[in-house]
Amino acid sequence: MKKLLAAALLATAFSANALDITFATEPTYPPFENTDSNGKIIGFDIDVANAICAEIQANCKFQSHAFDSLIPSLKFKRFDAAISAIDITEERAKQVSFSDPYYDSSASFIAVKGKTDLNTAKNIGVQNGTTFQQYIAENGKQYATKSYATLQSAILDLKNGRVDVIFGDTAVLADWMKTDENLAFIGEKVTDPKYFGNGLGIAVNQASTELLEKLNQGLAAIKANGEYQKIYDSWMTGK
């Protein structure tokens, strides 16, 4: 009995002294983050963050924020970290610090099947505050660009004919097409290293050097012990 009591006290002491990490995310971006029928935030990013927290013995929780507010809010330390399919770019790295990449990224175009191609498209939809928006602003000047707070809104306008094409993360668009046979990829994948191809990272305030070190330690551990691969297979390949 005494041993059980001592173990319980030790566990309570650990929980009280454990690092608390609040992650911000924009949970309308499956398979990276979404909400279930009970309103709980779920997804690939969430499972990766939870696995990292388990490795570094931290308590983590998640808050919903608009994507374009993540980095500005992080600069003011309104939360501890942001994990929301954030591409690591040189411009963003001037404002926040990034963990080691936890996912390789690329971008693609989608349209309603048989309706248009990149040569005939006139209007293109992108999510506001993303590298996809930045890329099209620089490299897609032949299109009239419409920005959306969420990808769901862009998809809805695509299906209703308000935009001809959507440009976004390849994995996210592929996830949408699993449940919508009317959509299809068009053109080639884009991996311009200025905007994509550097991978996705967890963002922290530039002053949070100890937190960044711990996150990188946890990420390296889950990649080494196979936990990361299990999470990847579950969300990205359906295994």
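Residues numbered from 1 in each chain as written. Predicted model: local features only at pLDDT ≥ 70, side-chain atom pairs only at ≥ 80, totals over all residues. Heavy atoms only, no water.

This part is about the confidence of the model for the protein chain. When pLDDT drops low, the exact placement of atoms in the prediction is not to be read closely. Looking at the protein chain as a whole, the pLDDT averages 90, with 92% of positions reaching at least 70. pLDDT under 50 marks residues 1–15. Its contacts with residues more than four places away, or in other chains, come to two contacts. (pLDDT = per-residue confidence, 0-100. Contact = heavy atoms within 4.5 Å.)

Here helix α2 (residues 44–55) spans 17 Å end to end across twelve residues, near enough to the 16 Å set by a 1.5 Å rise per residue. Along its buried surface, α2 packs onto β1 (19–25), β3 (41–42), β4 (58–64), α8 (209–224) and α9 (227–237). A positive phi of about 55° marks glutamine 57, the residue just after α2. (Helix = DSSP H or I, 4+ residues; strand = E, 2+ residues; numbered from the N terminus. Expected span 1.5 Å × (residues − 1).)

Counting buried residues in strand β10 (residues 165–169) gives five out of five residues, a clear majority hidden from the surface. Sheet topology note: the strand β8 (residues 123–127)/β10 ladder contains two bridges and is parallel. Across the sheet, the residue bridging to isoleucine 124 is valine 165, located in β10. (Buried < 20%, exposed > 50% of the residue type's maximum accessible area, 1.4 Å probe, protein only. Pairing = 2+ DSSP bridges.)

Accessible area lost upon the coming together of the parts is a frequently used measure of interface size. One can read the domain layout of the protein chain as domain 1 (20–103 + 199–236) and domain 2 (107–190). Summing the contributions of domain 1 and of domain 2, the shared interface buries around 1200 Å²; its carbon and sulfur component is 50%. Among the residues of domain 1 in contact with domain 2, Thr28, Tyr29 and Pro30 are the three that bury the most area, contributing 38% of the side total. Where domain 1 touches domain 2, the interface holds zero salt bridges. Counting across the domain 1 and domain 2 interface gives five residue pairs in polar contact (both at pLDDT 80 or more). (Domains from an automatic or database assignment. Buried area = accessible area lost by both parts, 1.4 Å probe. Salt bridge = Lys/Arg side-chain N within 4 Å of Asp/Glu carboxyl O. Polar contact = N/O pair within 3.5 Å; in protein donor to acceptor, adjacent residues only side chain to side chain.)

A few words now on the sheet that holds strand β5 (residues 81–82). Read from one edge of the open sheet, five strands run β4-β1-β5-β12-β6, paired in mixed fashion. Each end of this open sheet is capped by a strand with a single partner; those strands are β4 and β6 (97–98). Where β1 meets β4, seven bridges bridge the pair, whose relative direction is parallel. Bridging across to β4, isoleucine 21 finds its partner in cysteine 60. Each of β1 and β4 is contacted by α2, which is oriented at about 155° to β4, the strand it contacts most. The strands touched by α8 are β1, β6 and β12 (203–204); relative to β1, the strand with the most contacts, the crossing angle is about 85°. (Axes fitted to C-alpha atoms, helices over the stretch in contact; angles between N-to-C directions.)

Two aromatic rings are characterised by how far apart their centres lie and by the angle between their planes. This model, assessed by the stated rule, comprises 14 aromatic pairs. Centre to centre, the rings of phenylalanine 44 and tyrosine 103 are 5.7 Å apart; their planes meet at 65°, and the pair counts as edge-to-face. Of this pair, phenylalanine 44 sits in helix α2 while tyrosine 103 sits in the loop between β6 and β7 (107–112), and the two are 59 residues apart along the sequence. Assessed through its relative accessible area of 0%, phenylalanine 44 is described here as buried. (Phe/Tyr/Trp six-rings, centres within 6.5 Å; stacked < 30°, edge-to-face > 60°.)

What follows deals with the sheet that holds β8. Ordered in space as β9-β8-β10-β7-β11, the five strands form an open sheet in which the pairing is mixed. Looking at the sheet topology across the chains shown, the edges are occupied by β9 (144–148) and β11 (183–190). The average undirected angle you get between the axes of adjacent strands in this sheet is 30°.

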